[in-house]
Amino acid sequence: MADTYFISYAGADRPWAEWVAWHLEESGHATVLDVWDWDTGDDFVQRMDEGLRRADAVVALFSTSYFERGRWTQEEWSAVVARRDRLIPLAVEPLVGVDVPAVLDAKIRKNLHGLDEKAAVEALRTAVNGNRRPTERPAFPGNTVEEPVVPHGPRPPLPGGTGEPGVRKLSRRRNLDFSGRAAQLAELRDALPADRHSVIAMHGMGGIGKSQIALEYAYRFADAYDLVWWIDAEQSDQIPVHYTELADRLGVAVKEAGAEHNARTLLTSLRDRRRWLIILDNAEDPEQVERWLPEGPGHVLITSRNPNWRRLARLMALDVFTRADSLAYFDNRVPSVTGAEADALAGELGDLPLALAQAADMIEKGTHAGLYLRLLRENTRILREGEDPDYPVPLAAAVGIAAGDLADEHPDAAALLRLTAFLGPDPIPIDWMVNARTGLSTVPAHLDELTWMRSTLEPLRRYSLVRVDGRTFQVHRLTQAVLRDQVDPVRIEAIHDDVAAVLASADPGDPQTPTDWPAWASLASHLVSQHIDVVDRAELRPTLSDAVYFLIRSARPRAAAELAAGLRETWTAQLGADHPDVLTCTQYLGHATSDLGDSQAARPIIEDAYTRRRRTLGDDHPDTLQSANDLAAILFQHGEYRAAMDMDRDTLARRRCRLGDDHADTLQSACNFAGSLHAAGDLVAARELEEDVLAGWRRLRGDDHPETLRSALQLGASLLQVDEVSAAHRLVQETWERCRTTLGDDHPLTISAARTLSDALKDMGRCHEARSIVEDAFARSRRVHGDDHPDTMRTAYVHACVLHDLREVEAARGLLVDSLATERRILGPDHGETLLTMNQLAISLGALREFGEARRVLEEAFDRRRRAFGEEHPETLRTSYNLALILHEMRMSREAVVLLEAVLAARRRILGPDHKDTKLTVRALVTVYRRMGMHRQAQKLTGKKATKRGFRKKSR
């Protein structure tokens, strides 16, 4: 009976996978092989799961790549082990030094490597069918007659087999340290189909590993060719000489004829031959090489820095290693390097294969990884050191040669390259250079953009010294480092001036607008690259300040605080503490520090800016009013709600008078004042003002601007408090979706929206939906902000409330206990949010029937609330109400009645008789009256005849 086999393999072993699958199907079995059975666009995980469930067994092709971290092969074999399905391990290369998981290492495996094809087929069949005793007498071996194999399609060659092409010349031995590049090798194999003429041009910067991939391809797929010939094609006029050598090996050369005649004879011969591979390594000029490109049913593989091969070949652009490939390379070659060290080295070296090889060589010779990393950061001359036999010259020399050739032939391009060496390693918008070109002293300017780009960027691209992508170009960080080291000191000052001019001329847009954030991110990365001293340049001060503001608005407060702190220190020394640029930087530093959750550290910074601005600019200056707004916000964060309200009220009045109702600054103050009204318990006034503010932001900025979204969330929270749950849900749901689209799931505003939406869903009784959203928001907040950030504590509070309503009270209690400890430490015991958590913790304790502890927590919270907010604040009344319920459970009904009667009177007056909290209080008081036998009082409240039916209390 035929079985179905799922083929589990690493990408680098695809040739083995196809060979195994072909022979299994030829034997009558079915297989599941991704590259044969799955289509582009399929859900990979779903197809993998379906294939594993359909298969009778999994054939696992063990190799070094198979056990690399992060591969899907682990998911495949883990699923088999978990279900105790059959696993057939086949080793396709020696596993010396490979850390095979113990659960797999214990399984008997068959080796396919090192065998000829006949032996490998037999080993495969034995592995699948098992070792079985014969049922008949074995035939005498001397009389064995082999049955012919009739394949159903072209049979793949045995990968890594012992057979070699009949004619072969390669540049060097196989690189035993080669690792990674599985995707590129698979792409090459797909692009070079059997018996079809194909020309591939791999292009990329020097040191990126073009020749290494070509060499590995030639060795790995040697059995697919009868002829493999490597030609050093850097000097195109020498190609005929190399062809003559091959013609001689094939017996078609005429000794008396010249090299060109024999080369032509070879090309004619190749038209009638099959299964050949010609590698033209380091070919640079397509026009010179074109006439020497072979034709016929074989393959040509070109490696080149020049990308301009499209007319002659299929292009394959090479980039640096992925970080995973870099780490695997270090792990394979220098296992003594830790994962953290390897990651740091790869980052500093830009994942460039040649640089990694040089570093590995130095480490192998005794240089500690940490020391190499420090030397690299201090002085790029270390890039001249280190050798690797698989690369012709060190990186510094390779870059120097390319830059020297460029300077000889294209001096304008060389000048631009020197300038960009002092920018950051991120993409550089071409528009920056075009806009600034007429003001640069070191780069010649041309009259029109097209001429300038053609004379400068195109040569850089042809030498693979830059990568051009649409409207940007990029220079590798190590190329930049080498170039900076080689610049004539006489030129450096002028180059620095030009770099500053380029940065100052950039116009990335509004730092507050998300659509402009990518342009700002690009500019900020170059501003902080530290290759020129931007801080001392007056022309860059406005740009640097705006960059800090962008970092704040795009939710990168740590980067903003670090940049602002450095600017403030330097500018204060240069300009004095009262200079407007210094005070702007101080304002932003306070804002960023607050966004980091450290309001204690933010307060003196903001107070300093406010005091200095009042003294130097006056109370009504827009900058002073901005500092007043910021100080009110800090007071609010500290729980000083009355002081915050007074300052918000005054700032709003001044801004209305000076700027008008619809100015962005006025709307900002109105939004903050509404928050103060809310905290003071004036929910109706807060809600009305928030509606006006939201309408104003929508008119001014549109629906998707962060300020509009923030205002919508604030109104949604107020709607929840005034019991308009459906309206709150609609508004917050829409706002959350807009936040996710505009800002991303990890932006603090999106996390806040998810938290508020969960609160609304909870109040609608949709607790399972609420749980899914708030758990995700809580995990994101912890990752983005950390456990001690106020936003994380707020999300933990909502999470606990949802768990409580789902009757997971123990889990809720545990979360609240942890949150309360953090809030007391960070915010203080009298802060409003600390008291909210105490109230909810007492509710959970009551549900767990820990009434004594619940009473203690509520009495403390009530006393602190009453002192801080007054007797009739909504949150004070809420605490009093919950305390009454606990007292009633403790058989202290008279005390409970006193509290409930006071709460009811206040809620009727403040909230009205129809508010849900008022109705809850009536129901609770009626229940207590009846249980105490006070039926007349109960009847008076309800207007109905008293019954003996009880009431199920709900904490509120």
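Calculation rules
- Residues numbered from 1 in each chain as written.
- Predicted model: local features only at pLDDT ≥ 70, side-chain atom pairs only at ≥ 80, totals over all residues.
- Heavy atoms only, no water.
- Pairing = 2+ DSSP bridges.
- Helix = DSSP H or I, 4+ residues; strand = E, 2+ residues; numbered from the N terminus.
- Axes fitted to C-alpha atoms, helices over the stretch in contact; angles between N-to-C directions.
- Parallel < 35°, antiparallel > 145°, perpendicular 65-115°, else oblique.
- Left-handed = near helix turned anticlockwise from the far one by under 90°.
- Contact = heavy atoms within 4.5 Å.
- Nonpolar A, V, L, I, M, F, W, Y, C, P; charged D, E, K, R; others polar.
- Salt bridge = Lys/Arg side-chain N within 4 Å of Asp/Glu carboxyl O.
- Buried < 20%, exposed > 50% of the residue type's maximum accessible area, 1.4 Å probe, protein only.
- Phe/Tyr/Trp six-rings, centres within 6.5 Å; stacked < 30°, edge-to-face > 60°.
- Lys NZ or Arg CZ within 6 Å of the ring centre and 35° of its normal.
- pLDDT = per-residue confidence, 0-100.
- Core = buried A, V, L, I, M, F, W, Y, C linked by side-chain atoms within 4.5 Å.
- Expected span 1.5 Å × (residues − 1).

Chemist: Is there a simple way to think about the sheet that holds strand S14 (residues 472-474) in this case?
Modeler: As summarised here, the arrangement of the 3 strands in space is S12-S14-S13, forming an open sheet in which the pairing is antiparallel. Because the sheet does not close on itself, it has two edges, and the strands there are strand S12 (428-429) and strand S13 (467-469).

Chemist: Can you help me understand the packing of helix H36 (residues 809-826) against helix H37 (residues 832-847) in this one?
Modeler: Closest axis-to-axis distance for the H36/H37 pair is 9 Å, and the angle between their directions is 155°. Here H36 lies roughly antiparallel to H37, going by the angle between them. In the crossing of H36 with H37, the sense of the turn from one axis to the other is left-handed. Judged by residue contacts, Val 809, Ala 812, Arg 813, Leu 816, Val 817, Ser 819, Leu 820, Glu 823 and Arg 824 of H36 engage Glu 833, Thr 834, Thr 837, Met 838, Gln 840, Leu 841, Ser 844, Leu 845 and Ala 847 from H37. When grouped by side-chain class, the residues that make up the contact of H36 with H37 number 9 nonpolar, 5 polar and 4 charged.

Chemist: Would you take a moment to explain the pattern of salt bridges for this structure?
Modeler: When the charged atoms of two side chains lie near each other, side chains of opposite charge can form a pair. Tallied over the full model, the rule gives 70 salt bridges. With a closest N to O distance of 3.8 Å, Glu 539 and Arg 537 form a salt bridge. What makes Arg 537 buried here is its relative accessible area of 18%. Here Asp 619 makes a salt bridge to Arg 614, at a shortest N to O gap of 2.8 Å. Residue Asp 619 is classed as partly exposed on the basis of its relative accessible area, which comes to 31%. Among the residues examined, Arg 614 registers a relative accessible area of 39% and is labelled partly exposed. Look at the salt bridges and you will find they share partners, linking Arg 740, Asp 745, Asp 746, Asp 776, Arg 780 and Arg 783 into a network.

Chemist: Is there a simple way to explain the packing of helix H1 (residues 14-26) against helix H7 (residues 182-191) in this structure?
Modeler: For any two helices packed against each other, one specifies the inter-axial angle together with the distance between the axes. Running from N to C, H1 and H7 point in directions that differ by 55°, and their axes come no closer than 10 Å. By the angle class used here, H1 and H7 are oblique. Counted together, Arg 14, Pro 15 and Glu 18 of H1 and Ala 186, Arg 189 and Asp 190 of H7 form the full contact between these two elements. Classifying every residue of the contact of H1 with H7 by side-chain character gives 2 nonpolar, no polar and 4 charged.

Chemist: What exactly am I supposed to notice about the packing of aromatic side chains here?
Modeler: How two aromatic rings sit relative to each other is given by the distance of their centres and the angle of their planes. All chains considered together, the criterion is met by 11 aromatic pairs. With a centroid separation of 6.5 Å and an interplanar angle of 50°, the aromatic rings of Phe 6 and Trp 38 are classed as tilted. Note that Phe 6 is positioned in strand S1 (residues 4-8) and Trp 38 in the loop between helix H2 (34-37) and helix H3 (44-54), a separation of 32 residues in sequence. For the residue pair Phe 6 and Trp 38, the accessibility class agrees, reading buried in each case. Through successive ring pairs, a cluster of aromatic residues spans Tyr 217, Phe 221 and Tyr 225. The residue whose ring lies beneath Arg 865 is Phe 869, and the NZ or CZ to ring-centre distance is 4.9 Å.

Chemist: Mind showing me how you'd approach the confidence of the model for the chain here?
Modeler: Fine structural detail should not be taken from predicted coordinates in areas where pLDDT scores are low. A residue-level look at the chain finds 89% of positions with pLDDT of 70 or above and a mean pLDDT of 85. The low-confidence segment residues 160-164, where pLDDT is below 50, has 8 contacts with residues more than four positions distant or belonging to other chains.

Chemist: Even after reading the chapter, I still don't get the nonpolar core, so can you show me in this structure?
Modeler: One recurring pattern in soluble globular proteins is that nonpolar side chains are buried together. Counting residues in hydrophobic clusters, the biggest one holds 181 residues, and the most contacted among them are Leu 188, Tyr 217, Leu 301 and Leu 503. Of all the elements, helix H14 (residues 353-364) adds the most residues to this core, at 8 residues. Not counting residues within four places of it along the chain, the set of residues in contact with Leu 503 comprises Leu 423, Trp 432, Leu 523, His 526, Leu 527, Val 534, Leu 540 and Thr 543. Membership of the second largest hydrophobic core comes to 28 residues, among which are Ala 247, Leu 250, Ala 283 and Trp 292.

Chemist: Explain helix H21 (residues 489-505) here, please?
Modeler: If you check H21, its first and last C-alpha atoms are 25 Å apart, about what 17 residues at 1.5 Å a residue would give, namely 24 Å. Taken as a whole, H21 has its buried residues at Ile 495, His 496, Asp 498, Val 499, Ala 500, Val 502 and Leu 503. Turning to H21, the residues buried within the fold contact helix H17 (411-420), helix H18 (430-436), helix H22 (517-527) and helix H23 (541-553).

Chemist: Sorry if this is basic, but what is going on with the sheet that holds strand S4 (residues 86-91) here?
Modeler: Either a parallel or an antiparallel arrangement is found when strands of a sheet pair, and the pairing is made through backbone hydrogen bonds. With parallel pairing, 5 strands are arranged side by side in an open sheet as S2-S1-S3-S4-S5. The strands lining the two open edges of the sheet, one partner per strand, are strand S2 (30-32) and strand S5 (110-111). Relative to S2, S1 runs parallel, the two sharing 3 bridges. In the strand pairing of S2, Phe 6 is matched with Val 32. Here helix H6 (residues 117-129) sits on the sheet in contact with S1, S4 and S5, set at roughly 160° to S4.

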